[in-house]
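# Analysis of the macromolecular model
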Amino acid sequence: MSFRFAWLLAVLAVLIPAASLAGPVAGTYFLTTHGGGLEIGQLPSGEFELTPRGPAAYAQWWATMDGDLLRLEWDYSLSLRRTLGAVKTEAEDRPYFLCRASGEFPGGWDLVELRDPHSSDVAVLDEPLVGFLRTANDVSDRVYFRLLDLMRENPPQGEGESSPGLMAAAGDVLEVAPEESWRRIAYLDALVRAARYDELDRKLADWAEEVRSDPNFSIRRMLIRAEGAQAALLSSRTGENAWDLSGEIAGGMLDYGQLVESISSVHEYDDYLPHVRSLFDGAAPNFLGSQVSTRVVVTESYFQMMRGEREKALDALAGVVRFGQAHDRGETLIGLLIGVAIRQYGFRGFEVFVLNACETREEFDALWERLERLEEWHQEWRTEEIVAHVHGDHGMVSSGRISPEAEVRNLSAAARYELLRAVALVREAHARTGEFPKEVTPSMVTRQVREPHDPFTNEALRFAPEGDAFALWAVGPDKRDDGGRMDYDPTNGTFSGGDIVLTIPPKRRYPFPKDGFHPQTTDDVESAFPNGLPPDPFADTRGRGLTVHPGHPPNVFSFGPDADQGQYRGPESMGGSGWTGGDPFGAPGDDPFVRSAEPFAGGDLYMKMPVQVQDEPQYDPTNGTVSQGNLYYRW
């Protein structure tokens, strides 16, 4: 089932009556969604068209009786179709929910069948979603949900701020039937919103066991959220909750140095538990801010390696990976995918470190210390685990189109992690003996670590000499061994062919000086890094290295989150004052200067081609996570 469909179900809002249905169907109901939420609605008597409020107002709704089944169907309005790229559906093709009278909850309805709005697929549930609609006819129910509507329209600010009278209204709801699980959940939600955690702790102790036996998985999921809210508070009180850094990291609250320091410290925390403000609405970090902020820190880790600050670079990269691991454990599929992306940034930074900034036994010890810490949180998600984790334990959402892609992305990140561990083993053995090993096993080093494996096959990683270099690879999503000769590239399609390959050169490509790098001229840059500078995580051209702007001393910089590489590309401004950090014609390149097609007389392989460079200030995240400015190498 598509993510958009899941979102639409989760935000279904108040239904206003427009006609009527016969007999016992009429009444006020609340519905439970797979995302874990309660919404109030009206079903009068007779066939009628529904007019939802809130986000679901972008759709038109109809309710009819189909024999003894209740059929709820909808069609997107014009504005939502434009947003989602959806098309208007004919009556016979409309998506729908099909419900039957509930035996567990008299007067309620169980969900037994539904249709995906983005395909013709019809899903008949193996087990009905019990209590999808439950009666809520007491006036206190309507008052409580109306207060929630008002809070959605005017969100409260700050912890513990809620609509006046919400606790009293929740108490009235509970008083109608104190043993009913959904009424207990409503009261727990009010406690969370009001930040009354001591009473929340007592109620959880009294109610958790009984609520956990409710047949509706959404009710159980909301109980887990309540327990998570309590756990997050306790973790924060003891200073062990990395979530407390999230808002600052992604929200533009920290300057550049504070941002780097905060992310670098994430790997030292034991917990990453979201602070839940509502059992119905969940919690999520600023995903765009998280991605941009972690790329900033990966870039800074390259500068730290250039300054000889290898321990700081290790902490920065470990913090990035840990931050991605923490996102994986959120409540949304998009959060999990953002976590994958963040981990990939961190792993690529680690690859640069392992291949270029590890030379001594002490440095490898420090590397493995971070890797083993990350290992405690490492997990390879499979499709069924993604669905169960994100969508609950009922199976209402199948492993449809998004989940296999999520699995492949997760396994690709896991392959990068396994290759990273294998490269660390090989590099350490090579640093000690001067030769590449004939096998890749933990026995090559003195410490006890597990053997790396290919997560796509659960077999050993492949490896082979490649000239003077040494190649390791996982088979990739197609699960076919291409001998490490064709690189898997997800931009060709998530399920495209190729192996995920890491090659270890005989010599360091980026020979970071141990005592730091202090260039006075561009010739110093070329001399210290003859193979080019590390890749710029913010360059439009993939693989393009950090850029050098000549001066005394020269500036080495990244383009920064505003991604303005375009103004540095092209030889048309021959009178300019700067030089590009890659091929000005757009081909991938890693060199700090434009490499000519043929060497100049005298063997100079670098053609210093002037191009127009516009100076920018130092990037400052307090101006906005995505704001103008470059990231400069300072020493």
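It should be emphasised that the depicted structure is a prediction, and the values quoted were computed from it without experimental measurement.

### Regarding the confidence of the model for the protein
Averaged over every residue, the pLDDT of the protein is 77; the share at 70 or more is 71%. Contacts from residues 386-402, a stretch scored under 50 in pLDDT, to residues over four places away or in other chains number 56 contacts. Low pLDDT, under 50, characterises residues 569-613; the predicted model gives this stretch 111 contacts beyond four residues in sequence or across chains.

### Some details on the side chain of Arg 134
Within the secondary structure layout, Arg 134 lies in strand 9 (residues 122-135). Using a relative accessible area of 1% as the deciding quantity, one classes Arg 134 as buried. Residues contacting Arg 134, with those up to four places away along its chain left out, are Thr 28, Tyr 29, Phe 30, Phe 105, Gly 108, Ser 181, Trp 182, Asp 214, Asn 216 and Ile 219.

### Overview of the pattern of salt bridges
What the rule picks out here adds up to 32 salt bridges. The closest approach of N and O atoms between Arg 416 and Glu 351, which form a salt bridge, is 3.2 Å. In this pair, Arg 416 sits in helix 15 (residues 402-433) while Glu 351 sits in helix 12 (residues 333-356), placing the two residues 65 residues apart along the sequence. Relative accessible area serves as the criterion here: at 9%, Glu 351 is assigned to the buried category. When salt bridges that share partners are traced, they join Arg 310, Glu 359, Glu 363, Arg 508 and Lys 514 into one network.

### Description of the sheet that holds strand 14 (residues 555-558)
Strands sit in the order 13-14-19 across an open sheet of 3 strands; the sheet is antiparallel. Of all the strands in the sheet, the pair left with one neighbour each is strand 13 (547-549) and strand 19 (631-632). As judged from the 2 bridges shared by strand 14 and strand 19, these two strands associate in the antiparallel manner. Residue pairing for strand 19: Phe 557 is matched across the bridge by Tyr 632. Sheet contacts for helix 10 (residues 287-306): strand 14 and strand 19; angle to strand 14, the most-contacted strand, approximately 155°.

About the criteria used
Residues numbered from 1 in each chain as written. Predicted model: local features only at pLDDT ≥ 70, side-chain atom pairs only at ≥ 80, totals over all residues. Heavy atoms only, no water. pLDDT = per-residue confidence, 0-100. Contact = heavy atoms within 4.5 Å. Helix = DSSP H or I, 4+ residues; strand = E, 2+ residues; numbered from the N terminus. Buried < 20%, exposed > 50% of the residue type's maximum accessible area, 1.4 Å probe, protein only. Salt bridge = Lys/Arg side-chain N within 4 Å of Asp/Glu carboxyl O. Pairing = 2+ DSSP bridges. Axes fitted to C-alpha atoms, helices over the stretch in contact; angles between N-to-C directions.

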